[in-house]
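Fold and contact review
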Amino acid sequence: MIGTGKIKQYANVLDKPLGKGKQEVSLSAFAFLFSELVQYNQTQVDNISELETRLEDAGYAVGARVLELLCHRDKGNRRETRLLGILSFVHSTVWKVLFGKVADSLEKGTEHEDEYMISEKELLVNRFISIPKDMGTFHCGAFVAGIVKGVLENAGFPAVVTAHFVPVEGQQRPRTTILIKFAEEVLRREARLG
Amino acid sequence: MTTTACFIIVSRNDIPIYEAEVGSAAKREDAAQLPQFILQAALDIVQDLAWTTSAMFLKAIDKFNDLVVSVYVTADHIRFMLLLDSRSDDGIKSFFQEVHELYIKSLLNPLYLPGSRITS
């Protein structure tokens, strides 16, 4: 066997330590995988909103797992019980682990009490994707929206999460904004907890 | 000496995902389902308690005769519930942490649907 290092072989995958794991995955590998994901779904659905829904579902599964894993790894087993807490957790920790940096900004919506926005100049998943004119409002950031939704829902804060393009003057490509709208019960619970 | 200990993992929708009985429990006909009942009753208490604290390990939260219910809540609101006669706190905490790690590992399996029964 050509092996130089002493790597402990674990008989059962469940015995491997949870630890840090390898942090980096190559960007091109991910871009390739993601484009395949989009293309595969494109052949299966009839319209745009179903495509977005499928991407969102894929992201939801990721979000559910990311939440547990990160809480265990980085936060030493402390849960998030408050709204602002979970939002800043998503905004910094989750973004850092997934994309290597914190999100550009986190804002509270002005029109409604239950809306928050996370915005980013250029989403990593959109970097190598161009949208043909006839698919107007489609946004591959639906995948990231799904991840955020998975994290929030599993932490006990049900929300509707969507991704939008926001044109900004002075910049060629529009900014991406993830809009988070929390459900009624979340606000009521927040008010109750004071 | 009969030691009864019952361990149940309950998902966020109050569906038990995993059950186990530990120790040489003398099965009494009339109280065969007793551990399950006690743990189900404790679920409501856990629900309220979970939102007031950001720690994961909630110590003894309910007593029934001489049995103590001990609960550990994860970030996903999955509850690990343990029913046993009074014992030291440290042993229980490390047991829960080990179970938590195992649960995360099984969760990372992309073919595992969160909330379905754990069978291995």
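Residues numbered from 1 in each chain as written. Chains lettered and ligands numbered in written order. Predicted model: local features only at pLDDT ≥ 70, side-chain atom pairs only at ≥ 80, totals over all residues. Heavy atoms only, no water.

**Points about the overall build of chain A**
Within chain A, the regular secondary structure consists of 5 helices and 4 strands. Order of helices (α) and strands (β) in chain A, N terminus to C terminus: α-α-α-β-β-α-β-β-α. Counting across all 194 residues of chain A, residues that qualify as buried make up 39%. Looking at chain A alone, contacts between residues at least 24 apart form 58% of all its contacts between residues at least 6 apart. Per element, the accessible surface of chain A, about 11,500 Å² overall, is 55% carbon and sulfur. (Helix = DSSP H or I, 4+ residues; strand = E, 2+ residues; numbered from the N terminus. Buried < 20%, exposed > 50% of the residue type's maximum accessible area, 1.4 Å probe, protein only. Contact = heavy atoms within 4.5 Å. Areas by Shrake-Rupley, 256 points an atom, 1.4 Å probe, with all protein chains shown as cover.)

**Some points on the interface of chain A and chain B**
Across the boundary between the two partners, chain A contributes 24 residues, which contact 28 residues of chain B. Summing both sides of the interface, chain A and chain B together bury roughly 2,300 Å²; the carbon and sulfur share of this comes to 56%. For the interface between chain A and chain B, the tally reads 0 salt bridges. Along the contact surface separating chain A from chain B lie 1 residue pair in polar contact (both at pLDDT 80 or more). Those elements that provide at least two residues to the side of chain A that touches chain B are helix H2 (48–73), helix H4 (142–154) and helix H5 (184–193) of chain A. Here the side of chain A that touches chain B takes 7 residues from H2 of chain A, the largest share from any one element. Its residues assigned to classes, the side of chain A that touches chain B shows 10 nonpolar, 5 polar and 9 charged. (Buried area = accessible area lost by both parts, 1.4 Å probe. Salt bridge = Lys/Arg side-chain N within 4 Å of Asp/Glu carboxyl O. Polar contact = N/O pair within 3.5 Å; in protein donor to acceptor, adjacent residues only side chain to side chain. Nonpolar A, V, L, I, M, F, W, Y, C, P; charged D, E, K, R; others polar.)

**Thoughts on the sheet that holds strand S1 (residues 105–108) of chain A**
Residues and elements named next belong to chain A. Taken in spatial order, the 4 strands line up as S1-S2-S4-S3 in an open sheet, and their pairing is antiparallel. Of all strands in the sheet, those bounded by a partner on one side alone are S1 and strand S3 (159–166). Neighbour-to-neighbour, the strand axes of this sheet turn through a mean angle of 20°, independent of strand direction. Of the pairings in the sheet, the one linking S1 to strand S2 (residues 115–120) comprises 4 bridges and is antiparallel in character. Directly across from Leu106, in S2, lies its bridge partner Ile118. (Pairing = 2+ DSSP bridges. Axes fitted to C-alpha atoms, helices over the stretch in contact; angles between N-to-C directions.)

**Examining the packing of aromatic side chains**
Aromatic rings in a pair are described by how distant their centres are and how their planes are angled relative to each other. The full count for this structure, using the stated rule, is 6 aromatic pairs over all chains. Look at Phe157 of chain A and Phe182 of chain A: their rings are 6.5 Å apart centre to centre, the planes differ by 70°, and that puts the pair in the edge-to-face class. Here the residue Phe157 of chain A occupies a position in the loop between H4 and S3, and Phe182 of chain A occupies one in strand S4 (residues 175–182), the gap between them amounting to 25 residues. For the ring pair Tyr72 of chain B and Phe96 of chain B, a centre distance of 5.4 Å and an interplane angle of 20° mean the geometry is stacked. With a gap of 24 residues between them, Tyr72 of chain B in strand S4 (residues 67–73) and Phe96 of chain B in helix H2 (residues 89–107) connect regions that are remote in the sequence. Grouping residues by exposure puts Tyr72 of chain B and Phe96 of chain B together as buried. Aromatic ring contacts, followed pair by pair, group Tyr72, Phe80, Phe95, Phe96 and Tyr103 of chain B into a single cluster. (Phe/Tyr/Trp six-rings, centres within 6.5 Å; stacked < 30°, edge-to-face > 60°.)

**A few points about helix H1 (residues 27–44) of chain A**
The terminal C-alpha atoms of H1 of chain A lie 26 Å apart, and with 18 residues this matches the ideal 26 Å at 1.5 Å per residue to within 8%. Packing partners of the buried residues in H1 of chain A comprise H2 and H4 of chain A. (Expected span 1.5 Å × (residues − 1).)

**Overview of the pattern of salt bridges**
Residues and elements named next belong to chain A. Summed over all chains, the structure comprises 3 salt bridges over all chains. In this structure, Glu153 engages Lys149 in a salt bridge whose closest nitrogen and oxygen atoms are separated by 3.6 Å. Of this pair, Glu153 and Lys149 both sit in helix H4, 4 residues apart, roughly one helical turn. The class of Glu153 is partly exposed, set by a relative accessible area of 23%. Between Glu184 and Arg188 there is a salt bridge; the shortest N-O distance is 3.8 Å. Here Arg188 and Glu184 lie together in helix H5, a separation of 4 residues that amounts to about one turn. Residue Glu184 is classed as exposed on the basis of its relative accessible area, which comes to 55%. Residue classification places Arg188 among the exposed positions, given a relative accessible area of 55%.

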